[in-house]
Amino acid sequence: KQEVTQIPAALSVPEGENLVLNCSFTDSAIYNLQWFRQDPGKGLTSLLLIQSSQREQTSGRLNASLDKSSGRSTLYIAASQPGDSATYLCAVGTALIFGKGTTLSVSS
Amino acid sequence: GAGVSQSPRYKVAKRGQDVALRCDPISGHVSLFWYQQALGQGPEFLTYFQNEAQLDKSGLPSDRFFAERPEGSVSTLKIQRTQQEDSAVYLCASSLGLAGGTTGELFFGEGSRLTVL
């Protein structure tokens, strides 16, 4: 059974810092991996989708990498801003098995 | 509509009542998913449709939970004889549904928050 783990569970940083969020999964036979952002009381917003044949995807200040062989993905956020404060979730596979998320707080 | 729409946004039910939650996916999206999210947790998969076919319902927690998508568009998640442990946010997502076993990028609705008293 696929299990997804996200570390750290929570992270607080000052504005402007670069940071890395980690996601690991137990079954490397995945078709894709997707990173989401969730604001309190809201649904999920898709950030980046990495297909199994890809190694990374970039969107603005966000960069996500995928290493299927080691069962890991990282989400890199450059020059963090207070507006980046949210919970970040990674999910793998067709039916999307989610981790519990990393709650990020960026202070100004 | 432009995005995935869910209704009602909030539902309070007395224990034992039946509830129905509706999801309007993005027009043309083949795949539709239901998730349950408890407070402080990531979403948990419930069931998956491709058009009107329910291809995976392995995540439904009990036979009190039932989902349908009769015309391959709007979907309804029904919970019979609600229990307090059913209290959660129920999220719906849709995607274009690509070939090769991958469903592509998923787009989520705002969710329906169910509180069972």
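Residues numbered from 1 in each chain as written. Chains lettered and ligands numbered in written order. Predicted model: local features only at pLDDT ≥ 70, side-chain atom pairs only at ≥ 80, totals over all residues. Heavy atoms only, no water.

Student: I tried to follow the side chain of Gln 6 of chain A on my own but got confused; where do I start?
Tutor: Residues and elements named next belong to chain A. Positionally, Gln 6 belongs in strand 1 (residues 4-7). A polar atom in the side chain of Gln 6 sits 3.0 Å from the backbone oxygen of Tyr 88. Polar side-chain contacts of Gln 6 include one of 3.1 Å to the backbone nitrogen of Cys 90. Non-local contacts of Gln 6, meaning those with residues more than four positions away in its chain, are made with Asn 22, Cys 23, Trp 35, Tyr 88, Leu 89, Cys 90, Gly 99, Lys 100, Gly 101 and Thr 102. (Helix = DSSP H or I, 4+ residues; strand = E, 2+ residues; numbered from the N terminus. Polar contact = N/O pair within 3.5 Å; in protein donor to acceptor, adjacent residues only side chain to side chain. Contact = heavy atoms within 4.5 Å.)

Student: Would you mind showing me how to read the state of the cysteines here?
Tutor: What makes a disulfide is a covalent bond joining the sulfur atoms belonging to two cysteines. Going through the model one piece at a time under the given rule, you end up with two disulfides over all chains. Here Cys 23 of chain A engages in a disulfide with Cys 90 of chain A; their sulfurs sit 1.9 Å apart. Here Cys 23 of chain A and Cys 90 of chain A share a disulfide; its torsion about the S-S bond, 70°, makes the bridge right-handed. Note that Cys 23 of chain A is positioned in strand 3 (residues 19-25) and Cys 90 of chain A in strand 9 (residues 86-92), a separation of 67 residues in sequence. Of the two residues, Cys 23 of chain A and Cys 90 of chain A, both sit in the buried class. A sulfur-sulfur distance of 1.9 Å marks the disulfide that ties Cys 23 of chain B to Cys 92 of chain B. Between Cys 23 of chain B and Cys 92 of chain B, the disulfide has an S-S torsion of -65° and is therefore left-handed. In this pair, Cys 23 of chain B sits in strand 3 (residues 19-24) while Cys 92 of chain B sits in strand 9 (residues 88-95), placing the two residues 69 residues apart along the sequence. (Disulfide = S-S within 2.5 Å. Buried < 20%, exposed > 50% of the residue type's maximum accessible area, 1.4 Å probe, protein only.)

Student: Honestly, the interface of chain A and chain B in this entry has me stumped. Any pointers?
Tutor: Often the size quoted for an interface is simply the accessible area lost on bringing the parts together. Chain A puts 19 residues into the contact, and the matching count from chain B is 21 residues. When chain A packs against chain B, close to 1600 Å² is buried across both sides, 52% of that on carbon and sulfur atoms. Looking only at chain A, the three residues that lose the most surface to chain B are Leu 44, Thr 94 and Ala 95 of chain A, adding up to 27% of its buried area. Linking chain A to chain B there are one salt bridge. A salt bridge links Lys 42 of chain A to Glu 110 of chain B, with the nearest nitrogen and oxygen atoms 4.0 Å apart. Counting every contact that joins chain A to chain B gives three residue pairs in polar contact (both at pLDDT 80 or more). Among the secondary structure elements, those contributing two or more residues to the side of chain A that touches chain B are strand 4 (32-38) and strand 5 (44-51) of chain A. (Buried area = accessible area lost by both parts, 1.4 Å probe. Salt bridge = Lys/Arg side-chain N within 4 Å of Asp/Glu carboxyl O.)

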